[in-house]
Amino acid sequence: MTLSGKRILLIVGGGIAGYKALELIRVLRKRGASVRCILTKAAQEFVTPLSAASLSGDKAYTDLFSLTDEAEMGHIELSRDADLLVVAPATADLMAKMAHGFASDLASTALLATDKAVLIAPAMNVRMWEHPATKRNLAVLREDGVSVVGPDEGEMACGEFGFGRMAQPDAIADAAAALLSGGAASPAKPLAGCRALVTSGPTHEPIDPVRYIANRSSGKQGHAIARALAELGAEVTLVSGPVALADPPGVAVVKVETAAEMLAAVEARMPVDAAVFCAAVADWRVARAGDEKLKKTPGGPPSLGLVENPDILATIAKRTSGRPVLVVGFAAETEKVIEHAKAKLARKGCDWIVANDVSTPAGGTGVMGGDRNTVSIVTRDGVETWPILDKTAVAQRLAQRIAEQLKDRQWV
Ligand code: CTP
């Protein structure tokens, strides 16, 4: 996605992820944007103004009370002159300042003075990210219309593991491009503060180190739903099986292979407010996957003893504590679509089933891997059938429907 001709004011906070801000400058410029930087005092412990200036090809600003800088370009003008403000890394401190309207240094003043869109890429220790204070600040920022990309899950500089790593420069640039093209710029963020989880893609169940059982799910629908929920302001985690798709902007992505890993990743993110289970989870796995590659033997092919995988949707829908307010499942059906979906709704204990007609060629459109879907939303109160839509439109409509359903709830 291009950023051709766009002017970005990059505000670099003081964190170890600051080194990635330098790579971000390079990526943004490569996509055609001009970049001007502000470095907080703490940022300068990690990145020098000289390196930011060299890579951006512009002066790097650091001081609120600098006569020379003010004479060149006033601090208000600095933020107004940009098309978009990107804060990367957005530290817990910087997020707190933004949420409370502080203007105590050049970075926070520029952020308060701006009338342009703001995108933050949080980066901090996992405990700081999960602290109620940071969650509150994040909810306030989302309500104020600030867009968020990441953080990602992984090992941190401090040695701990979890969410808190800054999103990759490419993902930040994608999110910036989406915002500037209007993709996420909707003024209404009805899901701001809502925590959502989406599963997507297939799972791979190993037979031996080189072979696995899989299915044809592309992950397109699940990824589009994660993106659509994030665009409405939700804080989205996408737990995805192996797919050949880019991570949706503004979404924390957890990559897994097997159903067991998917269940563990989903449970680790509980509680959430809304959960959408779109993954085509393999129903079975091989009871005893080989440690070594299975060889052909004169005795004929091996028999694969299969055991049933845990049902992730049913496990979460039937939780007695910490159940999401709204649990949505998918059902791919070739006949008696509504009847089967209703039975699945009852059996799995979820609130809605998005029933997908995958019959071909008689009207079915939702063939795995395709781009269009014919869906019906089956709830305990009835059935809504939607026209044939592409997967992005299905995702946007479903996200809107979720926002409508949850509109009276308060998120913190
Ligand atoms: N699902 C899950 N974990 C599983 C199996 C399915 O979370 N182990 C979820 C899917 O993500 C989807 C729904 O359950 O939301 C689909 O249910 P499933 O029984 O697999 O539906 P079908 O594949 O349509 O199965 P059936 O053979 O019963 O028609």
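Residues numbered from 1 in each chain as written. Predicted model: local features only at pLDDT ≥ 70, side-chain atom pairs only at ≥ 80, totals over all residues. Heavy atoms only, no water.

Caption draft 1: Region of interest: the domain arrangement of the protein chain. Annotation of the protein chain at the domain level lists domain 1 (7-180) and domain 2 (195-405). When domain 1 packs against domain 2, the two sides together hide about 920 Å² of surface, and 53% of this comes from carbon and sulfur. Of all residues in domain 1, Arg-142, Glu-153 and Phe-163 give up the largest surface area on contact with domain 2, accounting jointly for 44% of the area buried on that side. Counting across the domain 1 and domain 2 interface gives zero salt bridges. At the junction of domain 1 and domain 2, the tally comes to one residue pair in polar contact (both at pLDDT 80 or more). Its residues assigned to classes, the side of domain 1 that touches domain 2 shows eight nonpolar, one polar and five charged. (Domains from an automatic or database assignment. Buried area = accessible area lost by both parts, 1.4 Å probe. Salt bridge = Lys/Arg side-chain N within 4 Å of Asp/Glu carboxyl O. Polar contact = N/O pair within 3.5 Å; in protein donor to acceptor, adjacent residues only side chain to side chain. Nonpolar A, V, L, I, M, F, W, Y, C, P; charged D, E, K, R; others polar.)

Caption draft 2: Examining the side chain of Asp-273 more closely. Here Asp-273 is to be found in the loop between helix H11 (259-268) and strand S14 (274-277). For the buried Asp-273, no salt bridge exists, and the shortest N-O distance to an oppositely charged side chain is 5.2 Å, to Arg-195. At a separation of 2.6 Å, a polar atom in the side chain of Asp-273 contacts the main-chain amide nitrogen of Arg-195. (Helix = DSSP H or I, 4+ residues; strand = E, 2+ residues; numbered from the N terminus. Buried < 20%, exposed > 50% of the residue type's maximum accessible area, 1.4 Å probe, protein only. Lys, Arg positive; Asp, Glu negative; His and termini not counted.)

Caption draft 3: Representation of the site of the ligand in the model. Taken together, 14 residues form the shell around the ligand, and within it Phe-277, Ala-279, Phe-330, Lys-344 and Lys-348 come nearest. Between the ligand and the protein, one listed contact pairs a nitrogen atom with a backbone N or O atom of Ile-312 at 3.0 Å. In this structure, Ala-332 approaches the ligand through a main-chain N or O atom, which is 3.2 Å from an oxygen atom. Within the complex, the protein chains bury 76% of what would otherwise be the 580 Å² of accessible surface of the ligand. Of all the secondary-structure elements, those providing two or more residues to the shell around the ligand are helix H12 (312-317), strand S17 (326-333) and helix H13 (337-348). (Near = heavy atom within 4 Å. Areas by Shrake-Rupley, 256 points an atom, 1.4 Å probe, with all protein chains shown as cover.)

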